[in-house]
Amino acid sequence: MEQINTVDDYLKKLSRYDIYNNVFYRGQLEVYKSITSSISRNAGYTSNENLIYEEAINMKSVEFADLISPIERLSKMQHYGIPTRLVDLTVDPLIALFFAVQNFDDKSHGNVYVFVQPEHNLNDKRIKLLSLLATLDSHNLDVIKSSYLECYSEEITEDEILEFASEGAFIKYSDDLQKSNERLFCQKGSFAICGNETIGKEIKKSILPLDSIEPTMVIRIPFEHKQAVKKELDEKYNINETTIYPEFPSVADYLKEKYRKADFDLDGAYNILQVQDVSHAGARRCSIVAVLNKVLRIEEVKHIGIQIIDQYKRTNDVVWVYIAKNGDDFIMKNWIIRGQWIKETLDPRFKPLLIGEADELGYVWRFEKSYSTLADYYDEYAFVDDKILYTQNMKTFEEFELYYKYMLSAFESGDIKGLEEYAFDNEIVINKLFLKFGDYGRSRNDEFNKYLNNFQEVALHLDNVILWLKKEELNSRAKKYQISNCFRDAKLHFDRIKDQAIYWKKAIDLSDDEYNEIDPEKIKRKEYQYKQTIPLNPNGLDVTFNLDISLNRDNTMNIRGTTNLFDKASLMISLRNSNNLLLAQNKSLVKNKRFDFGRLGKEDVGFDKGMYSIDISLAIPSVQDKEFVLKAGSEYENLKGKYVDRTGMGPTVNYTEKFEV
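Rules and cut-offs
Residues numbered from 1 in each chain as written. Predicted model: local features only at pLDDT ≥ 70, side-chain atom pairs only at ≥ 80, totals over all residues. Heavy atoms only, no water. Helix = DSSP H or I, 4+ residues; strand = E, 2+ residues; numbered from the N terminus. Buried < 20%, exposed > 50% of the residue type's maximum accessible area, 1.4 Å probe, protein only. Contact = heavy atoms within 4.5 Å. Lys, Arg positive; Asp, Glu negative; His and termini not counted. Charge placed at Lys NZ, Arg CZ, Asp CG, Glu CD. Pairing = 2+ DSSP bridges. Phe/Tyr/Trp six-rings, centres within 6.5 Å; stacked < 30°, edge-to-face > 60°. Core = buried A, V, L, I, M, F, W, Y, C linked by side-chain atoms within 4.5 Å. Axes fitted to C-alpha atoms, helices over the stretch in contact; angles between N-to-C directions. Polar contact = N/O pair within 3.5 Å; in protein donor to acceptor, adjacent residues only side chain to side chain. Arc of directions from axis to C-beta.

S.K.: Would you mind showing me how to read the overall build of the protein chain here?
M.R.: Each helix and strand in the protein chain was counted, giving 24 helices and 25 strands. C-alpha atoms of the protein chain, sized along the principal axes, occupy 100 × 70 × 55 Å. The proportion of buried residues among the 661 residues of the protein chain is 48%. Within the protein chain, counting contacts between residues at least 6 apart in sequence, those at least 24 apart form 72% of the total. Of note, the protein chain has its 88 positive side-chain charges centred 4 Å away from the centre of its 106 negative side-chain charges.

This is the structure:
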């Protein structure tokens, strides 16, 4: 999910899909967790879908007289609010954005769902079958085949019925639809038509939600920014109730909303949690952190910022203010807004860098563009139960302690050679332990987080010992001095872990039995998983690589090769030894099906004899040249083969080859 605060932000996000013609949008409040057709919102509607269809036509026969096909009739019913299996969509992203923010008084966020999907015209067999199902009392396969033949004067196979019935489909935007639904013209509207739940060869009455088709992107407009975005749509793009809805009553709603005066009531709306004096000799400066107590619009949050700054600017030359929506965001330093004020007469030498442009009153604001989606990410992936956090860190620390004590003892006894040999032999293990401490997650108790931070800090300083030992350019005295500092800092954190361990175990109410039962190795953190949303091209490019590895006299090497990837693909090479230690990296652009990573290795030093591995990767589409993405697709849907990986953070291409020097 992505977040936008302005219409410009929104259009920039969508620009990555400029290469497609088949893009559909739907805007709705986030409180509605599913995209469903109106027919599926009540069991009575679903079980009587064909009767609703028949009665609507009989009751308004004149309205339906010129409409022959089931899909045209369903479109007319949708216009009148009659339950159907259609879902309203638009091909205009700004209209979808309007629907997402239309009700800005609702505390729910607004979402725009973006679908890049194959589009089907009204005469497509898939559309004809799905719309026909809405008219039938029986979904027996033989009944469907005969009804299809009678309605459309063409045959349909059993395999086609089962395939088409179980999947929704997107209807191409066209003038033909508009004759049956006048709102479609104003809203540049089209539809998705939902399929039926299908088990084996049995087609059920129940209708699938559109959620069964993964949106290519979901864009959130946080509640705080909905009103401002709606105002921007009106003033810059003339998109409002009167242009979206052709009916006259929309004018009244528009005018009442436009001229309604907003009153700010900020009493008890926030608490100040931190005030820090960050002054230096040239300027009196302070930093204030506040947390909101209720959900407010962005203009109200800004007024809180002004209120706080005004409280402190009389005694300071520079004031910073940071505002978080809640305690979780405060812990993660995930600010909804940052403010800055600098005294105009302050000596320019002592003025800090501006965080944005000053407004007419001299305040500088930065409205964060990802606070809302980051909050969701932290809630799902960052915060972990305190008992699990304590146990994971402490049990890993028990393993880490052995390495720490051995290395410290060797250093204190003056055995630098022994320290060096032990450190280099265990470098990979120590680094993995350091990474483990950093990957266990966060607590919602900020004081407990400060304690947990000691685990990663002590491992970091031990890891730094190894880095200083590798500094060949340092003399022994300078190296010993730096290593001494590392052990000194490591001991501070080591002692804090030991001294406070019993206190925190009691504070979080962790029993010995619970501690013994928790196995850190069996606890798997939830990780983000990329999902392919744009259908793969069965005729896509089957990616190939051919490498040419040449060794120079000084044991450096040149690596080049050929690939069938499109021009301007940006490739990254990583060279590792048999211990998986990274030795060199470089980039190359594909040109005329060739790439060249140049010389790898330090001149006149080169590489030792042994086994090496080369990893060549094509990064995710968002960092690639547009010319390449135009051909490969924004989800690499036009690439295929054994080197294409769709299991990580995004689609990539990875090629590995081993060789010996």
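S.K.: Sorry if this is basic, but what is going on with the pairing of strand 3 (residues 86-90) here?
M.R.: Two faces belong to every sheet, and in a regular strand the side chains alternate between them. With four of five residues buried, strand 3 is to be regarded as a mostly interior element. By the bridge criterion, five bridges tie strand 3 to strand 7 (residues 189-193) in an arrangement that is antiparallel. Directly across from aspartate 88, in strand 7, lies its bridge partner phenylalanine 191.

S.K.: Quick question: what am I supposed to make of the packing of aromatic side chains here?
M.R.: How two aromatic rings sit relative to each other is set out by the distance from centre to centre and by the angle between their planes. Scanning the entire structure with this criterion turns up 34 aromatic pairs. Geometrically, the ring pair formed by phenylalanine 595 and phenylalanine 597 is tilted, given 5.5 Å between the ring centres and 55° between the ring planes. A residue is classified by how much of its surface remains accessible, and phenylalanine 597, at 1% relative accessible area, is buried. The interplanar angle of 25° and the centroid separation of 5.9 Å between the aromatic rings of tyrosine 612 and phenylalanine 659 together place this pair among those described as stacked. Taken together, the residues span a long stretch of sequence, with tyrosine 612 in strand 22 (residues 611-618) and phenylalanine 659 in strand 25 (residues 652-660) at a distance of 47 residues.

S.K.: I'm lost on the nonpolar core in this one. Help?
M.R.: Taken as a class, soluble globular proteins show a tendency for nonpolar side chains to be buried jointly. Residues Tyr390, Met394, Phe400, Met407, Tyr451 and Phe487 are the most contacted members of the largest nonpolar core, which totals 41 residues. Listed by contribution, the elements that provide at least two residues to this core are helix 18 (386-412), helix 19 (416-425), helix 20 (427-438), helix 21 (446-469) and helix 22 (476-507). In contact with phenylalanine 487, not counting residues within four places along its chain, are Met407, Leu408, Phe411, Leu419, Leu462 and Val465. Membership of the second largest hydrophobic core comes to 32 residues, among which are Leu547, Val590, Phe597 and Leu639.

S.K.: I'm lost on the sheet that holds strand 21 (residues 594-600) in this one. Help?
M.R.: Strand order in the open sheet made by the three strands is 17-18-21, with antiparallel pairing throughout. Edge positions in the open sheet fall to strand 17 (545-551) and strand 21, since each of these has one partner strand only. Between one strand and the next, the sheet's axes are offset by a mean angle of 15°, whatever the strand orientation. Bridge count between strand 18 (residues 557-563) and strand 21: five bridges; the pairing is antiparallel. Residue pairing for strand 21: glycine 561 is matched across the bridge by phenylalanine 595.

S.K.: For this particular structure, what's the right way to read helix 6 (residues 93-101)?
M.R.: Since there are 3.6 residues in each turn of an α-helix, residues three or four apart along the chain are aligned in direction. The buried fraction of helix 6 amounts to eight of the nine residues, a majority that puts the element mostly inside the structure. Every buried residue of helix 6 is accounted for by Pro93, Leu94, Ile95, Ala96, Leu97, Phe98, Ala100 and Val101. Residue aspartate 92 occupies the N-cap position of helix 6, its side-chain oxygen lying 2.9 Å from the main-chain nitrogen of leucine 94.

S.K.: Please clarify how helix 3 (residues 49-59) should be interpreted in this entry.
M.R.: Along helix 3, the positions that sit buried rather than exposed are Glu49, Asn50, Ile52, Tyr53, Ala56 and Ile57. Considered in projection along helix 3, the buried side chains sweep an arc of 165° and stay on one side of the axis. Residues Asn58 and Met59 are exposed on helix 3 and point more than 90 degrees away from its buried face. Looking at the buried positions of helix 3, the neighbouring elements they touch are helix 2 (43-47), helix 4 (61-64), helix 5 (70-80), helix 7 (125-133) and strand 9 (202-207).

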